[in-house]
Amino acid sequence: MTTVDAGLAHPAVEIARQRVIDFDPSLTPVAVATRPDVVAVLLQSDDKRFTVFVVDRAGEWIPPDYICGTPRRVRQREADTGHRPLYNVSRSWFGWPSSDGDQEEGWFSVTGMAALDATELAITSTLESTVAPIDEAGLAFGIVRARRDDQPAVEIRTRDGRAVAVRP
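Rules behind the numbers
Residues numbered from 1 in each chain as written. Predicted model: local features only at pLDDT ≥ 70, side-chain atom pairs only at ≥ 80, totals over all residues. Heavy atoms only, no water. Helix = DSSP H or I, 4+ residues; strand = E, 2+ residues; numbered from the N terminus. Rg over C-alpha atoms; globule rule 2.2 N^0.38 Å. Buried < 20%, exposed > 50% of the residue type's maximum accessible area, 1.4 Å probe, protein only. Contact = heavy atoms within 4.5 Å. Areas by Shrake-Rupley, 256 points an atom, 1.4 Å probe, with all protein chains shown as cover. Lys, Arg positive; Asp, Glu negative; His and termini not counted. Charge placed at Lys NZ, Arg CZ, Asp CG, Glu CD. Pairing = 2+ DSSP bridges. Axes fitted to C-alpha atoms, helices over the stretch in contact; angles between N-to-C directions.

Caption draft 1: Examining the overall build of the protein chain more closely. From N to C terminus, the protein chain includes one helix and 13 strands. Sequence-ordered secondary structure for the protein chain, helices as α and strands as β, is β-α-β-β-β-β-β-β-β-β-β-β-β-β. Its C-alpha atoms give the protein chain a radius of gyration of 15 Å, within 12% of the compact-globule value 15 Å for 168 residues. For the protein chain, the proportion of its 168 residues judged to be buried stands at 43%. Put simply, 56% of the contacts in the protein chain that link residues at least 6 apart link residues at least 24 apart. In the structure as shown, the protein chain presents an accessible area of about 8800 Å², 50% of it carried by carbon and sulfur atoms. Here the protein chain carries 19 positive and 25 negative side-chain charges, and the mean point of each set is 5 Å from the other.

Structural data, given as structure tokens:
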């Protein structure tokens, strides 16, 4: 299970912030998904969103060489989860090359804004499944280990027990 930490106390948070500061100094860490060997830091400004994966290599937290962000559009949250369960959804895959230069396995992240009745984000790849809570502001953010060619299934779970698929 992914741990999503709104406290943002992990040392990888500052490393991720420094990695994006030249793009937009107003990018602020808003959520962290931690695993033993990787931390995904979600940073947002008024109009941008970046997910930065910081990897533990022999006790040293290392940011990626390449990062990219997506536009962030803000709007009022829907009351109920409908046919579009996440607004402003972004998906990204991250992998470090193995010793042979291949990137067969890595991490897949999903970010978006959920309706008021949403409680959880569930992500399932061919390697694993994870569930992350939707925060009070409606932020859905989670990571799952995935193969590069995976198309992980993503769904939003609601208070009334529904599981609504998030289509790519």
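Caption draft 2: Summary view of the sheet that holds strand β7 (residues 86-94). Strand order across the open sheet formed by three strands is β7-β8-β11, with antiparallel pairing between neighbours. The strands lining the two open edges of the sheet, one partner per strand, are β7 and β11 (139-147). On average, adjacent strands in this sheet sit at an angle of 15° to one another, irrespective of strand direction. By the bridge criterion, seven bridges tie β7 to strand β8 (residues 105-114) in an arrangement that is antiparallel. Within β8, the residue paired with Leu86 across the bridge is Ala114.

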